[in-house]
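# Descriptive analysis of the structure
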Amino acid sequence: MFGYHVPSPDEAMLISGGKGAVSGTPFRVVTGHGTFVAPFFRKVRYLTLAMCEAEVAEACVTKQGIALNVRAVIAFKVGNDDESIVNAGQRFLSDQDQMSILTGRIFAGHLRSIVGSMTVEEIVTERQKLATEVLDGSKAEMAKIGLSVDSLQIQSIDDMKLGYIAAMAAPHNAVIQQKAAIAQAQANQLAAQAEQDSQRKQAEYARQTSIVQAQYKAEVDKAQAEAAQAGPLAQAQAQRQVIAAQTELAQRGAELRQQQLVSEVIRPAEAEAEKVRILAEAEAQRMRIQASAAASNNRVALDQALIAQLPQIVREAANGLAGANVNILNGSDGLSQIAAGLVGQGLSILDSVKKGLGNNEAAAKEDEDQRQLEK
């Protein structure tokens, strides 16, 4: 709209002309909103309210007479109140860049004054104290020109190659370096110990690994050897079993052959020998009986007849024995017992015959006697 003006958020609009000034100021201040300005009768100008920066690099002399080059940066702006805006507008509206130049000069003067009241040690170690004192000293002066300082930063302090600051720092440097060397030595020692521990653990692990590998290899070699020997061992075991079976079979064959020899050769031979012996004994007994019969005058003829039949009786008994399937348990003793039994039976038969003949003779004699008596 024609004649309507609106300032930027970081600007103050200054309206001059007419009789509408407030509190005797030569212009009206408008911030944060727009307003109608009559053209040709009013004039509108703008003053920045943005943050500005000023740098200071000043050679200062300390309380000890030592020259220092101090560099600082000041952050400032026009105050937000109307009085500050009016003061700043009256001084810098036509050339607003002069705010930074004037601010730098003001702070340079206060910086020289504060540094002159302090020692190098205080300046170096208490920079914030230096900045605070400079701010406090310049605050009232800056307010008069409508400016407010937000911050002051001391960027560097240089003794212009005099070596004072370096010499002042030397003892601390030595202590720090000593501590750093001690810390480095301790760190190296700890690192060496850690390295040794690591190497020791690696060696122990390698040793255990070698032992386990050797054990595994021994087990594998043993299993391979057993597997390689399993075939020959099984074959040898089978051969041993075959030999044992063959040996047992041979033993049983030998026992069977021995039994066959006993049954087929020895036993018949023993039986034949016993037969011969029995016949010999029978013949001897016959001869004894003949001798006994010859000594007796009674029944000579009868005894001779009986004696003549005795060998035939015994022979028949022996022939029956030879053809019989008799199991002799006591060997030759058993055969002797059988032979003796045959001879004894033959003699018993002979005795029975004799007795029978004697009884017959007695009966005949009685009959003869009876007939004689009857005659």
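Above this text is the structure in question.
Below is a short write-up of the structure. Since the model is a prediction, treat every value here as computed from it, not as a measurement. (Residues numbered from 1 in each chain as written. Predicted model: local features only at pLDDT ≥ 70, side-chain atom pairs only at ≥ 80, totals over all residues. Heavy atoms only, no water.)

## Quick look at the overall build of the chain
Short version of the rule: Under the DSSP-based scheme used, a helix requires at least four consecutive residues in state H or I and a strand at least two consecutive residues in state E, with every element numbered from the N terminus. Partly exposed describes any residue whose relative accessible area lies between the buried limit of under 20% and the exposed limit of over 50%, with all areas from a 1.4 Å probe on protein chains only and scaled to the type maximum. The contact rule is simple, with two residues in contact once any of their heavy atoms fall within 4.5 Å. Only the protein chains shown count as cover for residues, with accessible areas throughout obtained via the Shrake-Rupley method and a probe of 1.4 Å.
The helix and strand inventory of the chain stands at 7 helices and 8 strands. Taken over 375 residues, the chain has a buried fraction of 24%. Considering only contacts in the chain between residues 6 or more positions apart, those separated by 24 or more positions represent 71%. When the accessible area of the chain is evaluated, it comes to approximately 24700 Å², of which 54% is carbon and sulfur surface.

## Some points on the sheet that holds strand β8 (residues 147-158)
For sheets, the rule is that strands pair by backbone hydrogen bonds, running either parallel or antiparallel. Heads up, the condition is: Strand pairing follows a simple DSSP-based rule, namely that at least 2 bridges must link the two strands. Convention adopted: a line fitted to C-alpha atoms gives each axis, helices being fitted over their contacting stretch, and angles between N-to-C directions are expressed from 0 to 180 degrees.
The strand order β6-β7-β8 describes an open sheet built from 3 strands, whose pairing is antiparallel. The sheet is open, and its two borders are formed by β6 (52-61) and β8, each paired with just one other strand. The average undirected angle you get between the axes of adjacent strands in this sheet is 20 degrees. Packed on one face of the sheet, helix α2 (residues 98-116) meets β6, β7 (67-78) and β8 and runs near 35 degrees to β6. Seen against the sheet, helix α4 (residues 127-144) touches β7 and β8 and runs at an angle of roughly 145 degrees to β8.

## Considerations on the side chain of Thr62
Here Thr62 shows up in the loop between β6 and β7. Beyond its immediate sequence surroundings of up to four residues, Thr62 is in contact with Leu68, Val115, Gly116, Met118, Val120 and Ile123.

## Examining the pattern of salt bridges
This is how the line gets drawn: Salt bridge, as used here: a side-chain nitrogen of Lys or Arg that lies within 4 Å of a carboxyl oxygen of Asp or Glu.
Overall, the coordinates contain 8 salt bridges when judged by the stated rule. Among the ionic pairs, Glu126 bridges to Lys129, the shortest N-O distance being 3.7 Å. With a relative accessible area of 36%, Lys129 lands in the partly exposed category. Residues Arg277 and Glu281 are paired through a salt bridge, measuring 2.5 Å at the closest nitrogen-oxygen approach. Of this pair, Arg277 and Glu281 are both found in helix α5 (residues 164-295), 4 residues apart, which corresponds to roughly one turn of the helix. Residue Arg277 is classed as partly exposed on the basis of its relative accessible area of 27%. Taken together, the shared-partner salt bridges in this structure form one network comprising Glu274, Arg277 and Glu281.

## What to know about α4
An α-helix turns once per 3.6 residues; consequently, residues spaced three or four apart project the same way. Convention followed: A helix is expected to reach a length of 1.5 Å times the quantity of its residues less one.
Across its 18 residues, α4 extends 27 Å between first and last C-alpha, which sits within 8% of the 26 Å expected from 1.5 Å per residue. Where α4 is concerned, the buried positions are Leu130, Ala131, Val134, Ser138 and Met142. Looking at the buried side of α4, the elements it contacts are β7, α2, α3 (120-125) and β8. Just past α4, the residue Gly146 takes up positive phi, approximately 80 degrees.

## Here we look at the packing of α2 against α4
How two helices sit against one another is set out by the angle between their axes and by the gap between those axes. For clarity, the threshold we go by: Small angles under 35 degrees read as roughly parallel and large ones over 145 as roughly antiparallel, with 65 to 115 read as roughly perpendicular and the rest as oblique. The hand of a helix crossing depends on one turn: near helix anticlockwise from the far one by less than a right angle means left-handed, and clockwise means right-handed. Three categories are distinguished: nonpolar for Ala, Val, Leu, Ile, Met, Phe, Trp, Tyr, Cys and Pro, charged for Asp, Glu, Lys and Arg, and polar for the others, with Gly belonging to the last.
Between α2 and α4, the least distance of the axes is 9 Å, while the angle of their chain directions is 130 degrees. Classified by the interaxial angle, the pair formed by α2 and α4 is oblique. In this structure, α2 meets α4 at a crossing whose hand is right-handed. The residues of α4 that touch α2, namely those facing Thr103, Ile106, Phe107, His110, Leu111, Ile114 and Val115, are Leu130, Glu133, Val134, Leu135, Gly137, Ser138, Glu141 and Met142. Partitioned by chemical class, the residues of the contact of α2 with α4 number 9 nonpolar, 4 polar and 2 charged.

## Remarks on the nonpolar core
Put simply, the rule is: What we call a nonpolar core is a set of buried Ala, Val, Leu, Ile, Met, Phe, Trp, Tyr and Cys residues that are connected through their side-chain atoms within 4.5 Å.
Judged by nonpolar contacts, the single largest core of 43 residues is most densely connected at Leu111 and Leu130. Broken down by element, the residue count for this core peaks at 7 residues, all from α2. Not counting the four nearest positions on each side in its chain, Leu130 is found in contact with Leu111, Ile114, Val115, Met118, Ile123 and Ile154. Met13, Ile15, Val37 and Val44 belong to the second largest nonpolar core, which has 5 residues in total.

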